Amino acid sequence: MNDIIIKIKGLTKKFNGFAAVNNISFSINSGEIFAFLGPNGAGKTTTIKMLTTLLKPTKGYIRINGFDVLKEPDKVRNSFGIVFQDQSIDEELTAYENMYFHSILYKIPKDERKERIDRMLKLVELLNKKNVFVKNFSGGMKRRLEIARSLLHEPKILFLDEPTLGLDPQTRHHIWEYIKKLNKEHKTTIFLTTHYIEEAEKIADRVGIIDKGKIIVIGNIEEIKEKTKSKTLEEAFIKLTGHEIREEEATPLDMMRMRMKIRRH
Amino acid sequence: MMFKINFEVIFGLWLRQVKRYYRSKSRFIAALGQPILFLVALSYGFGPVFQRAGGVNYLQFLVPGIMGMSILTTSLMMGIELIWDKQFGILKETLVAPVSRLEIMIGRTIGGATVGIIQGIIIFLISLIFGFRPIINYLWITPIFAIMTAFLFSAFGTLIATLLQDMQGFQLIMNFVIMPMVFLSGALFPLENLPKSIIAIIRINPLTYCVDGLRQSLTGIYHFGFLINFLILIPVTSILLIIGSRAFSRMQV
C-alpha cells in the first residue's frame, strides 16, 4: 500500500532570479490524502503547475506514477486529474458538452463515453442538469462539474487547488464528502491545497507546509501538532509560518481573477 | 510520435469554438453590426462623390473591402481570445490533457478561421440585398482568398495573444492594429494616385493583398492582381502560422 506515487527531488522554480519554489523534496504515497498548505505566495500553485506539466522546473526532478514529468509528459498527464483554482470550464457549453470535450482530449473510447459521463455526473449529483448551460450554474455546481470532469479518465491522482474557495459551508461539506468517497472507493491519491486549515485537518492523512518556497514541515497531523505543542493544525500553521500578513504583488491576471470572482457570485 | 496528429482532438477544439461563437448572440450581432454600418454609411455617403469622380459603382468597390475587414476582425479576435482562455477558459484544461500543443494550436486556428469565413459569407449575402452584383468568372477564387485571410489573421491573433499579458491590451489592439489595418489597406478607397508615404504603408499591410484578391475575384477591379496577391499572401500566412505555433508551444501559464 505504501508505494510512492509522486516523487519530488530538489525541485526549484525561479522567476527572474527569484526562487518561488526552492529546492524541495518529498514524496506522496499511493492512496493517501495529502494536504499542501502555505500562506499566499508560498509556492503552492507553482509547485502544482510543475507537477501537472504546466510549468517547466528550473531544476530538479518529478516522477508521477512512475513517469518522468519532462520525459513522458503525456503518460504523466494521463495519470492525473486536476481541478484548478480558477474556473476552467466553458460557460457557453452544457455540462454534458464540457464532459464530452474532456473525453475527446483524453481519448476515452467512444462507446464508453456516454456511460462514464453519466456515472461521474451522478457522483456529484449533477446528472439531472446534464443539458443545462454551465453559465446558468452556481459557483458550487461549477466546482462539482469540474471535479466530475477531472475524474472522467479515471486518474490515479487527483490534484485539487483550493477546491472549496468561495463556496458556502454546505457545498464545501459535500465536496469533501465526494473526495473522501473517491479516495476510499477508488483508492485515488488526493493532493490538495486549501486555506481552510480546519478542513485539511479533518480530511488529510498527511500534511506538508510550504513557506517562502521551502518545505518547513511534512508529516502526519498528530506529529506536527505534537512537535509544535499546538491543539489544532491551524495553531501549528501560524506558529510555523508566523503572524505577518503576506503581501502579494497583484499582477494584471490577479486583477482579472478578482473581477471574475465577483462576477461569479 | 511528434507528428502524429489526432483529428478528433482537432475537430473537438474546432467544434467548441464554433459553437461558442454562435451561442453568444451579442457577440454575433456586434460582429455583424460594424461592417453593416460601414456598408450603409459609406456606400450611401460616398457613393455619389465616387461616381462623379469617374469611379465605378462605389458599392461594387466597397463590398469586398468590407468582407475583408469583417474576416480580419473576427479571426483576429478569435485568436486574441486566447488571453482570456489562458486564465479563465478551458485552455489550462487542454494544456494538462495528453494532447500536443500543435494539435491545440491547429484546432484553435481552424476554429477561429472558420468563424471568420462564415462571417465573411454572411456579409456577402447581406450585400446582395443592398444591390451588390458579383461577376461570375472568378467567383471560385473568392473562397481561396477568404480562407487565406481568415488563417492569416487567426494565426496573427494567436501570436498577439501570446505576447500580451492581459485584456487591458485589447483596446490597444482595436485602435492600433485593427483600425489602421482596415483604413490603410485599400478596403475603402482605390490605391491609384495616393501619396508615396501612404502607399508605402499600405504595401506592408497584408490585408491590402487580401482585399485586392477578394475584389478582383468578385468584381474584376484590381490593383496588384491575383499573381502578386498569392505570391505575397502564401508566404506571409505560412510564416505567421509557424511563428504563432512556436510562440504558442513555448507559452507557459
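Bear in mind the structure is a predicted one, so any value in this text is a computation, not a measurement. Position numbers for residues start from 1 in each chain and track the written sequence from start to end. Lettering of chains starts at A and numbering of ligands starts at 1, both following the order in which they are written. Two thresholds apply to this predicted model, a pLDDT of at least 70 for residue-level local features and 80 or more for giving and counting side-chain atom pairs, whereas whole-chain, interface and lining totals are computed over all residues. Computation of side-chain values: all heavy atoms of the structure, hydrogens and water removed.

### Looking at the sheet that holds strand β2 (residues 18-29) of chain A
Through backbone hydrogen bonds, the strands of a sheet pair up, either in parallel or in antiparallel fashion.
All names here are of chain A.
Here comes step 1: Within the open sheet, the four strands sit side by side as β2-β1-β4-β5. Their pairing is antiparallel. Single-partner strands in this sheet number two, and they are β2 and β5 (67-68).
Here comes step 2: Residue contacts follow a heavy-atom distance rule, with two residues in contact if any of their heavy atoms lie within 4.5 Å. Axis lines are fitted through C-alpha atoms, for helices just across the contact stretch, and the angle between N-to-C directions can take any value from 0 to 180 degrees. Secondary structure follows DSSP: runs of H or I at least 4 residues long count as helices, runs of E at least 2 residues long count as strands, and numbering of each begins at the N terminus. The strands touched by helix α1 (residues 44-51) within the sheet are β1 (4-15), β2 and β4 (59-64), with β1 carrying the most contacts at an inclination of about 120°. Note on pairing: DSSP must find at least two bridges between two strands before they are called paired.

### Thoughts on the pattern of salt bridges
Here comes step 1: For this analysis, a salt bridge means a side-chain nitrogen from Lys or Arg found within 4 Å of a carboxyl oxygen belonging to Asp or Glu. Overall, the coordinates contain 28 salt bridges over all chains when judged by the stated rule.
Here comes step 2: The partner of Asp 86 of chain A in a salt bridge is Lys 92 of chain B, with the nearest N and O atoms 4.0 Å apart. Of this pair, Asp 86 of chain A sits in the loop between β6 (80-83) and α3 (95-105) while Lys 92 of chain B sits in helix α5 (residues 91-95), which puts the two residues in different chains. Residues Asp 86 of chain A and Lys 92 of chain B agree in their burial class; the two are buried.
Here comes step 3: Asp 90 of chain A serves as the salt-bridge partner of Arg 20 of chain B, at 2.7 Å between the closest nitrogen and oxygen. Residue Arg 20 of chain B is found in helix α1 (residues 7-23), and its partner Asp 90 of chain A is found in the loop between β6 and α3; the two belong to separate chains. Partly exposed residues are those whose accessible area sits between 20% and 50% of the maximum for their type, while under 20% is buried and over 50% is exposed, using a 1.4 Å probe and protein chains only.

### Things to note about the interface of chain A and chain B
Here comes step 1: Across the contact, 40 residues belong to chain A and 29 residues belong to chain B.
Here comes step 2: A 1.4 Å probe defines the accessible area here, and the buried area is the portion of it lost by two parts on being joined, summed over both. Summing both partners gives a buried area of about 3300 Å² for chain A against chain B, and 59% of it is carried by carbon and sulfur.
Here comes step 3: Summed over the shared surface of chain A and chain B, the number is seven salt bridges.
Here comes step 4: Put simply, Lys 19 of chain B and Glu 97 of chain A hold a salt bridge, and the shortest N to O gap is 2.7 Å.
Here comes step 5: When contributions to the side of chain A that touches chain B are tallied by element, the ones reaching two or more residues are α2 (73-79), β6, α3, α4 (110-123) and α10 (252-264) of chain A.
Here comes step 6: The element that contributes the greatest number of residues to the side of chain A that touches chain B is α10 of chain A, accounting for seven residues.

### Here's the deal with the sheet that holds strand β8 (residues 189-193) of chain A
Residue and element names in this part refer to chain A.
Here comes step 1: The sheet built from six strands is open, its strands ordered β6-β7-β8-β3-β9-β10 with mixed pairing. Of all strands in the sheet, those with a lone pairing partner are β6 and β10 (214-220), marking the two edges. Neighbour-to-neighbour, the strand axes of this sheet turn through a mean angle of 15°, independent of strand direction.
Here comes step 2: Note that strand β9 (residues 206-211) and β10 share six bridges and pair antiparallel. Along β10, the bridge assignment pairs Ile 210 with Ile 215.
Here comes step 3: Docked against the sheet, helix α5 (residues 139-151) engages β6 and β7 (157-161), running at close to 170° with respect to β6.
Here comes step 4: Against the sheet, helix α9 (residues 233-241) engages β3 (33-37), β9 and β10, with an angle of about 30° to β9.

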